Amino acid sequence: MNFSENFEKEFRLKANFVFGFALWILFHRFISASIISAMAKPPFIFQEHEIIYKYFLASGIPQFITSGSLVPALFDVCWYALPILFLLTINRIFAIAFTIITTVYFLTYNIATAHHYHSLIGVLVISIPFWTKKETRFHFLWEAARYYWLYIFSSAALWKILRGSAFYSDQLSNILKSQQLNLLLQHPDSFKAHIVQFFITHPPIAHMALLIVVAIQLSFIVGFFTKKYDSYLFFIAIFFCIANYYVMGIVSIELLILNFTLINWNTVEQIPEMPAVTKMLAWYN
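Bear in mind that the values here come from a model prediction, so they are computed numbers and not experimental data.

The final tally for this structure, using the stated rule, is five salt bridges. Where Lys 133 meets Glu 8, a salt bridge forms, and the shortest distance between an N and an O atom there is 3.4 Å. Of this pair, Lys 133 sits in the loop between α6 (121–127) and α7 (135–163) while Glu 8 sits in helix α1 (residues 3–31), and the two are 125 residues apart along the sequence. For Lys 14, the salt bridge is made with Glu 10, and the minimal N-O distance between the two is 2.7 Å. Here Glu 10 and Lys 14 lie together in helix α1, a separation of four residues that amounts to about one turn. Exposure remark for Glu 10: the relative accessible area of 14% places this residue in the buried category.

Rendered as structure tokens:
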């Protein structure tokens, strides 16, 4: 097998993982009624002064794709069809179109909900490498996505440190009091509520947890200098997202699509050739 064939195999494998996960994200958006056709003509009262949001709203695109019933339905059908078409054909035009459509959805959703939701950033960033099938360009863009994933964690830690919030003993307990009020009032007996109540009533422990979070986020800086610890960072990111959900109530599982950039794909490619897997497949067949 020559070098180009190896890359073709790598490209297909990464595409299956990335766009398969993207389809799961889209399915979750569907069952949570967060798609365009479920917005029911939002008023777009978001007073956002950022240039991108300002001119996107002025373009009339969000108003158009949420108007009536046919246009939103067609938009959603296209959005869901594009990753499937890409997986079936590996034609980069579908990857490009998927990134563009997802960007339109991302901006429209944020304007309609009057809030900055960042989770879909991962889908946008990691889909860009598939715009090209040139090996050097693909690897460059894939590495850029990896560095962006490292930046998300390390910059969050540096922000807490440089602002001094990491050293304020009541920081986490006060945040939980304000952010988790609805949870404490509506579901006081839930597992998540018990965790929040514990941290609120024990500020020193909450502060220790905050320092641990900062240390975890800061540990991703090592990825800028070596890939030796990527496998550890892979599982740390999963643990962080789960803990973030149960403590802060923040759903960031969609961002985990960027975690694929930390995988050793040579190892993944060898899984079907492992003796245990070969025996299992032979038994199944």
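Where nonpolar side chains cluster on the molecular surface, the patch consists of Trp 24, Phe 191, Ile 242, Tyr 245, Tyr 246, Val 251 and Ile 253 and spans about 660 Å² of accessible area. Ranked by residues supplied to the nonpolar patch, first place goes to helix α12 (residues 230–248) with three residues. Note that Ile 253 resides in the loop between α12 and α13 (265–270).

Turning next to unusual backbone geometry. Phi is positive for Ala 33, close to 55 degrees, though the residue is something other than glycine. With respect to the helices and strands, the residue Ala 33 is situated in the loop between α1 and α2 (51–58). The class for Ala 33 is exposed, based on a relative accessible area of 52%. Of note, the phi angle at Ile 90 is positive, near 55 degrees, even though the residue is not glycine. Looking at where Ile 90 falls in the secondary structure, it is placed in the loop between α4 (70–89) and α5 (92–113).

Rules used throughout
- Per chain, residue numbering runs from 1 following the sequence as it is written.
- In view of the model being predicted, local features appear only for residues whose pLDDT reaches at least 70, and side-chain atom pairs are presented and counted only at 80 or more, with totals across whole chains, interfaces and linings using the full set of residues.
- No hydrogens and no water enter the side-chain calculation; it runs on all heavy atoms of the structure.
- Think of a salt bridge as a Lys or Arg side-chain nitrogen and an Asp or Glu carboxyl oxygen that are within 4 Å of each other.
- Counting from the N terminus, the helices are the DSSP runs of H or I reaching at least four residues and the strands are the DSSP runs of E reaching at least two.
- Accessibility here uses a 1.4 Å probe with only protein chains present; expressed as a share of the type maximum, an area under 20% marks a residue as buried, one over 50% as exposed, and anything in between as partly exposed.
- A residue counts toward a patch only above 30% relative accessible area and without a salt bridge, and it is joined to like-charged neighbours within 9 Å or, for Val, Leu, Ile, Met, Phe, Trp and Tyr, to nonpolar neighbours within 5 Å.
- What sets the accessible areas is the Shrake-Rupley method with a 1.4 Å probe; for residues, cover comes only from the shown protein chains.

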